[in-house]
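What the coordinates show
The chain contents come next:
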There are 2 protein chains.
Amino acid sequence: KGSQHSGGPLTLPPGFTSEVYDEFIAAARQILGEQNVTVITDVAQLSLEHYTDPSKVHDMHNVVEKTYFVASAVLCPRDVKDVQDIMKLCNQFEMPVWPFSIGRNTGYGGAAPRVPGSVALDLGKNMNKILEVNVEGAFALVEPGVTFFDLHEYLVKNNLRDQLWIDVPDIGGGSIIGNAVERGVGYTPYGDHWMMHCGMEVVLPSGELIRTGMGALPDPSRPHPDGLRPDQVPGNRAWQLFNYGFGPYNDGIFSQSNLGIVTKMGIWLMPNPGGYQAYLITLPRDEDLHTALDIIRPLRLQMVLQNVPTLRHILLDAAVSGNKKSYTQKDEPLDDEELDAIAKKLKLGRWNFYGAVYGPEPVRKVLWSVIKEAFSKIEGAQFILPEETKDHPVLQTRSGTLQGIPSLDELAWVNWLPNGAHLFFSPIAKITGDDGMLQYSMTKKRCKEAGVDFIGTFTIGMREMHHIVCIVFDRYNKEKRDRAHWLIRTLIQDAAEHGWGEYRTHLALMDQIADTYSFNDNAQRKLNETMKNALDPKGILAPGKNGVWPSNYDREAWRIPGPDSL
Amino acid sequence: KGSQHSGGPLTLPPGFTSEVYDEFIAAARQILGEQNVTVITDVAQLSLEHYTDPSKVHDMHNVVEKTYFVASAVLCPRDVKDVQDIMKLCNQFEMPVWPFSIGRNTGYGGAAPRVPGSVALDLGKNMNKILEVNVEGAFALVEPGVTFFDLHEYLVKNNLRDQLWIDVPDIGGGSIIGNAVERGVGYTPYGDHWMMHCGMEVVLPSGELIRTGMGALPDPSRPHPDGLRPDQVPGNRAWQLFNYGFGPYNDGIFSQSNLGIVTKMGIWLMPNPGGYQAYLITLPRDEDLHTALDIIRPLRLQMVLQNVPTLRHILLDAAVSGNKKSYTQKDEPLDDEELDAIAKKLKLGRWNFYGAVYGPEPVRKVLWSVIKEAFSKIEGAQFILPEETKDHPVLQTRSGTLQGIPSLDELAWVNWLPNGAHLFFSPIAKITGDDGMLQYSMTKKRCKEAGVDFIGTFTIGMREMHHIVCIVFDRYNKEKRDRAHWLIRTLIQDAAEHGWGEYRTHLALMDQIADTYSFNDNAQRKLNETMKNALDPKGILAPGKNGVWPSNYDREAWRIPGPDSL
Ligand SMILES: Cc1cc2nc3c(=O)[nH]c(=O)nc-3n(C[C@H](O)[C@H](O)[C@H](O)COP(=O)(O)OP(=O)(O)OC[C@H]3O[C@@H](n4cnc5c(N)ncnc54)[C@H](O)[C@@H]3O)c2cc1C
Ligand SMILES: Cc1cc2nc3c(=O)[nH]c(=O)nc-3n(C[C@H](O)[C@H](O)[C@H](O)COP(=O)(O)OP(=O)(O)OC[C@H]3O[C@@H](n4cnc5c(N)ncnc54)[C@H](O)[C@@H]3O)c2cc1C
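Residues numbered from 1 in each chain as written. Chains lettered and ligands numbered in written order. Predicted model: local features only at pLDDT ≥ 70, side-chain atom pairs only at ≥ 80, totals over all residues. Heavy atoms only, no water.

Details of the overall build of chain A
Rules: Secondary structure elements are taken from DSSP: a helix is a run of H or I of four residues or more, a strand is a run of E of two residues or more, and numbering for both begins at the N terminus. The globule rule used for comparison is 2.2 Å times the number of residues to the exponent 0.38, while the radius of gyration itself is calculated over C-alpha atoms. Burial classes: relative accessible area under 20% of the type maximum marks a residue as buried, over 50% as exposed, and values in between as partly exposed (1.4 Å probe, protein chains only). Working rule for contacts: check all heavy atoms of both residues, and any pair within 4.5 Å makes them a contact. Here the open area of atoms and residues is found with the Shrake-Rupley method and a 1.4 Å probe, where only the protein chains shown may cover a residue. When charges are counted, neither His nor the chain ends are considered; positive counts come from Lys and Arg and negative counts from Asp and Glu. To locate a charge, take NZ of a lysine, CZ of an arginine, CG of an aspartate or CD of a glutamate.
Counting its regular elements, chain A contains 17 helices and 19 strands. Its C-alpha radius of gyration of 24 Å places chain A within 12% of the 24 Å reference for a compact globule of 566 residues. Considering only C-alpha atoms, chain A reaches an extent of 70 × 60 × 50 Å along its principal axes. Put simply, chain A has 566 residues, and 67% of those count as buried. Sequence-distant contacts, at least 24 apart, represent 74% of the contacts inside chain A between residues at least 6 apart. Within the structure as shown, chain A displays about 18500 Å² of accessible surface, and the carbon and sulfur contribution to it stands at 51%. Here chain A carries 56 positive and 69 negative side-chain charges, and the mean point of each set is 2 Å from the other.

Rendered as structure tokens:
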């Protein structure tokens, strides 16, 4: 560690000399202690590559050079005061700082910062307490390091799972806060994590601490010892019960943003619905996507489909069961015949719809009969319950996921190719057969051009769907990486030409996508940048995140170029 | 009108001379045309007092002097460009401008501005189109002047009501936009209007125009003639389907705020649930409130109670059926015996719970049986369906309200007293018997001290309740007004001492309530004021709204003093 202290970082932040950088690090060590500051001096420190033990420094699923999006050091605050002190220090040095909770944001950049050489703020390492699980109010209050696994296990250990369920993404290792602030999705009725958050504590770029909603109101009914710091004072007892508070409702500007660091957040938990049944409906033909979406829309609107169900392409399921080699020796994208063969082998359809019904038996019965009748319009549709067969491993997993039981099973599809890495292309669309088919065929065509298998799923929200396209590539093969990069850039462009936009993206694509949200000469981005400059005049907090650049950065100079050629 | 042109306004905006004011008005007339600019030169122009034809100039339910919260002129933009041009003009003159949609915000200040002499921006007069009702996506896109009545009638006229329902507040004359931005509530499953809005178009204080969420993304699939202004261009087809878009989610900062003027907004409509049944459960004793709330909480969390039901005090129902004189000659607050007598006469309980079940018959049956069983724990509880009796006028009204049919019936309670005006005290609480009883008894005690009848209701949200206390007073009687004013100020203070805060308030109380949201030295208000100064450097848009003052105003100097004495 001594060598780190004297040796400079692999990548200095913009405008820094080694001397000034060392000064900053020395001051950071004063604040956090030696053990909570690690400078990245060596490429060997960029070696972590697995979800289970993720890198806190670089993008493990790098689509540009692995050494580009890297932090110069990792700082691990022990508490909120540390976060505040570090923000003050960063202001003093004009040091770019990139906060994350866990760093499992794979497919979107992981823990890596947008601006190379930023210091990474690893919030989750030391700040990982479940502060409260409230059964009566059905909510939890958590710190950044609390993962879906952690909260679920807490419920199990405390015999609370018969009362409360959490909602989980496909895999459970991410943080509840990180996922919610990125507006990630899960699959129970509580699948819209941003909608289901309630109350936040946020450190502003200045280091100032706020609590949003009812959290701004002190609660004398919760007595506490004198002399506590504001962040230590128990929150208002309605903080996790009512989102809006009084006056402007600020929470949204702290999502997908660089305006604050979330140090506590409330999340609503789902009361055990009193009954549950997962199911799979297999749809044999590619074009069944069209009919299925037009069946799904009214059912979802009516809440006959009570949760966030998914309509998954055969290859997504296939990739969970085995890698490409296990199905074929071919390198090119699979064709229709091969997909049919795989579907047959796995006893699945070209598209596979995973849902669940919730509630006491009579309610479930009514709902399930309506769902069955509606899907029966599709010739060859099959209805499968997880209890009836062990044939379908994905159904077994999803039967857990749709009741909020976290797992890692779905990680398998990332290994579809050797040295598998992935990139998510995630456009929003209307839930209609026409929109879905058009978006799917556009995507499939470009995948083919890029020599990539289409692996994707439609996750069905209230009135729109997130089309999640999983672009898998070999991270050690520059040409394949470039193809993936070309593919996503082309898809973003294609989508914009159809009026489709993405809900979230990888560091490398943030500017391109922000450009597409261009109404009235990018007026919304100008608004965001005005707020950014007012709240963060030194431009230190996550500059460039989601295309929002403070005035001391030149957006054009920081653009990520597309791949050299194809 | 000629005299208005030369005569100065009753109340000049702060810092204005008549000459400069006249210059402003002349320029405003240039922009909007003579007929869309009315200067308030005469107290006679403050004579409108009825909800059905509301004042656009002053608070019809004034709790301080009627001539205090008054606009100097009313400007009626014809379109978005007019709004933008007026904002530019206001910036030029540093003219405070107070936008409203309809001005039926009674109990909270109506159309009146926080800063006397502001120009009122009457958005609803000319901008009142239903721009789209989309059945497939179950949403509407509306302009500020569209009322709940308008949208409901549109559905009826176009034979769409068998497919789509709206959600309405107790009375239907308000605007959909005005109510949603104030985070008002209705009573169907879509009762949280802010949650159910989707996509906005906003004129910023600078005059700049943005569209939020997916609205920021141009949609080439919706072709339009060349040369349209940005506000005329058709929105993205996912604008009303997906709220968040990409990057910071800005909508919240335009609610209860002074950062923008909403010119278009999407609102989700509820698909006809395929069946509906309203009901009333009467609860005989005052203390049944305690048991009832503890019964309600888990049912609401479980969505057995699918909508926003209300637990109404007997006097609220009584006041809908007749004024105080029709029950008693007494001036003082009614006592328990008198309340019991009224309840008996009206065949109601001391508390009356109005709900509904939604869905096909088998679903409704299950839900209703669970609800009935749960409430049967309360001795003497009676279960009444609107089809079974014509005895209960409020039940008949609410049977409409809970399925989104607007009415004016509830206006009646405002006339409990002669020259009836009202003021809402609306604190948030946990849904528990303990919290509810404590809040109720605190309120009742203060009402008694003020010589005011307690008239109130608990509206049950997902995890909290809005306790809506309707303080009715004689607006022509200064002493009674002062008592109402004393009462609400005292209640706000009492509530804060219990850790309770209000969700919305009257102009006169905004600063007091903002003060109570004081976590970490009012850090959240400082955040709001930093944003305010950045987005509105001249401080022209609704200065002081919800306690947020731009830097060119001195908060202390603008405080509204409490009533002289009691
Ligand atoms: C196989 C597979 C399946 C997946 N399925 C899903 C899915 O179903 N749904 C889904 O949403 N995602 C999914 N993901 C993507 C991702 O793994 C999750 O979204 C994950 O929760 C994000 O990582 P994290 O929680 O560790 O966030 P982090 O990496 O900790 O944070 C992500 C970003 O959020 C911001 N942030 C985080 N914490 C804070 C904070 N405290 N304050 C301010 N900003 C903060 C930062 O910008 C940070 O870079 C999947 C990934 C894989 C590999
Ligand atoms: C008997 C009775 C019962 C009531 N019941 C309910 C109820 O059940 N639920 C409920 O919520 N309210 C209720 N109210 C209160 C009130 O009548 C409604 O909330 C009503 O909808 C608000 O008035 P409005 O829509 O005309 O809003 P406006 O007066 O038009 O607007 C209110 C405020 O919102 C802001 N605003 C409005 N439009 C815009 C815009 N376009 N851009 C920016 N800011 C804007 C302004 O600050 C404005 O002052 C009730 C009132 C009475 C008298």
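Topic: the relation of the copies chain B and chain A
Rule in force here: A least-squares superposition brings the copies together, and it is based on the C-alpha atoms of residues with pLDDT no lower than 70 in both.
Mapping chain B onto chain A is achieved by rotating through 180° and translating by 0.0 Å along the same axis, at an RMSD of 0.0 Å. Between the two chains, the operation in question is that of a two-fold axis. Comparing interface residues between copies, 100% of those in chain B also lie at the interface in chain A; the contact surface is shared.

Concerning the confidence of the model for chain A
Stated formally: Residue-level confidence of the predictor, termed pLDDT, takes values from 0 up to 100.
Looking at chain A, pLDDT values average 96 and 99% of them are 70 or higher. Between residues 1-5 of chain A, whose pLDDT stays under 50, and residues either more than four places distant or in other chains, the model counts eight contacts.

Some remarks on the site of ligand 2
Residues and elements named next belong to chain B. We apply this condition: Whether a residue is near a molecule or strand depends on its heavy atoms: it is near if one of them lies within 4 Å of it. Within 3.5 Å is the distance limit for a polar contact, defined as a pair of N or O atoms, with the added protein rule that one can donate a hydrogen and the other accept it, and that residues adjacent in sequence qualify only through two side-chain atoms. Note on residue classes: Ala, Val, Leu, Ile, Met, Phe, Trp, Tyr, Cys and Pro are nonpolar, Asp, Glu, Lys and Arg are charged, and everything else, Gly too, is polar.
Taken together, 33 residues surround ligand 2, and among them Ser-101, Ile-102, Ser-175, Tyr-187 and Arg-504 come closest. Between ligand 2 and Asn-105, the relevant distance is 3.1 Å, taken from an oxygen atom to a main-chain nitrogen or oxygen of the residue. A distance of 2.6 Å separates an oxygen atom of ligand 2 from a polar side-chain atom of Tyr-187. For ligand 2, whose accessible area on its own is 960 Å², the fraction buried by protein is 97%. Within the residue set of the shell around ligand 2, elements represented by two or more residues are β3 (97-100), α5 (176-181), β10 (261-268) and β16 (420-425). The dominant element in the shell around ligand 2, judged by the number of residues it contributes, is α5, at four residues. In terms of residue class, the shell around ligand 2 is made up of 15 nonpolar, twelve polar and six charged.

Some details on the site of ligand 1
Residues and elements named next belong to chain A. The immediate surroundings of ligand 1 are formed by 33 residues, with Ser-101, Ile-102, Ser-175, Tyr-187 and Arg-504 found nearest. The separation between an oxygen atom of ligand 1 and a polar main-chain atom of Ile-102 is 2.7 Å. The separation between a nitrogen atom of ligand 1 and a polar main-chain atom of Val-262 is 2.9 Å. Considered on its own, ligand 1 offers 960 Å² of accessible surface; in the complex 97% of this is hidden by protein. Among the secondary structure elements, those contributing two or more residues to the shell around ligand 1 are β3 (97-100), α5 (176-181), β10 (261-268) and β16 (420-425). Considering each element in turn, the shell around ligand 1 owes the most residues, four residues, to α5. When grouped by side-chain class, the residues that make up the shell around ligand 1 number 15 nonpolar, twelve polar and six charged.

A look at the nonpolar core
In plain terms, the rule: Residue types Ala, Val, Leu, Ile, Met, Phe, Trp, Tyr and Cys, when buried and joined through side-chain atoms within 4.5 Å, form a set referred to as a nonpolar core.
By size, the foremost hydrophobic cluster in this structure holds 319 residues, and its most contacted members are Ile-296, Leu-311, Phe-375 and Ile-471 of chain A together with Ile-296, Leu-311 and Phe-375 of chain B. Once residues within four sequence positions are removed from consideration, Ile-296 of chain A is found in contact with Leu-305, Leu-311, Phe-353, Phe-375, Ile-431 and Ile-460 of chain A.

Observations regarding the packing of helix α7 (residues 288-301) of chain B against helix α12 (residues 433-450) of chain B
Residues and elements named next belong to chain B. Put simply, the rule reads: For helices, the fitted line uses only the C-alpha atoms of the stretch in contact; every axis is such a line through C-alpha atoms, and the angle between N-to-C directions lies from 0 to 180 degrees. Relative orientations are named as follows: roughly parallel for angles under 35 degrees, roughly antiparallel for angles over 145 degrees, roughly perpendicular for angles from 65 to 115 degrees, and oblique for any other angle. Crossing handedness: left-handed means the near helix sits turned counterclockwise from the far one by under a right angle, and right-handed means the same turn made clockwise.
Taken N-terminus to C-terminus, the directions of α7 and α12 make an angle of 140°; their axes are 7 Å apart at the nearest point. Here α7 is positioned oblique relative to α12, judged by the angle of their axes. Considering only the axes of α7 and α12, their crossing is right-handed. Contact with α7, carried on its side by Leu-289, His-290, Leu-293 and Asp-294, involves Gly-433, Asp-434, Gly-436, Met-437 and Tyr-440 of α12 and no other residues of that element.

Here's the deal with unusual backbone geometry
Keep in mind that most residues, glycine aside, have a negative phi and that most peptide bonds are trans. All names here are of chain B. You will see that Met-303, though not glycine, has its phi angle at about 65°, which is positive. Of note, Asn-419 is a non-glycine position whose phi angle comes to about 55°, a positive value. Here Asn-419 lies in the loop between α11 (393-401) and β16. The exposure class assigned to Asn-419 is partly exposed, which follows from its relative accessible area of 33%.

Here we look at the sheet that holds strand β9 (residues 209-211) of chain B
The pairing of strands in a sheet comes from backbone hydrogen bonds and takes either a parallel or an antiparallel form. All names here are of chain B. The test is simple: We call two strands paired when DSSP finds no fewer than two bridges between them.
Strand order in the open sheet formed by five strands is β5-β6-β10-β8-β9, with antiparallel pairing between adjacent strands. For this open sheet the edge positions go to β5 (130-134) and β9, each flanked by a neighbour on one side alone. Adjacent strand axes in the sheet meet at a mean angle of 10°, parallel and antiparallel pairs treated alike. Strand direction decides the pairing type here: β5 and strand β6 (residues 139-142), joined by four bridges, are antiparallel. Across the sheet, residue Val-133 finds its bridge partner in β6, namely Ala-140.

Quick look at the sheet that holds strand β1 (residues 37-39) of chain B
Residue and element names in this part refer to chain B. Spatial ordering of the open sheet is given by β1-β2-β4-β3, a layout of four strands whose pairing is mixed. A single partner strand is all that each edge strand has here, and the edge strands are β1 and β3. Neighbour-to-neighbour, the strand axes of the sheet open up by a mean angle of 20°, direction not taken into account. Pairing between β1 and strand β2 (residues 73-75): three bridges, direction antiparallel. Looking at β2, one finds that Thr-38 is bridged to Val-74. Taken strand by strand, helix α2 (residues 18-32) contacts β1, β2 and β4 (119-122), and its axis lies near 155° from that of β1.

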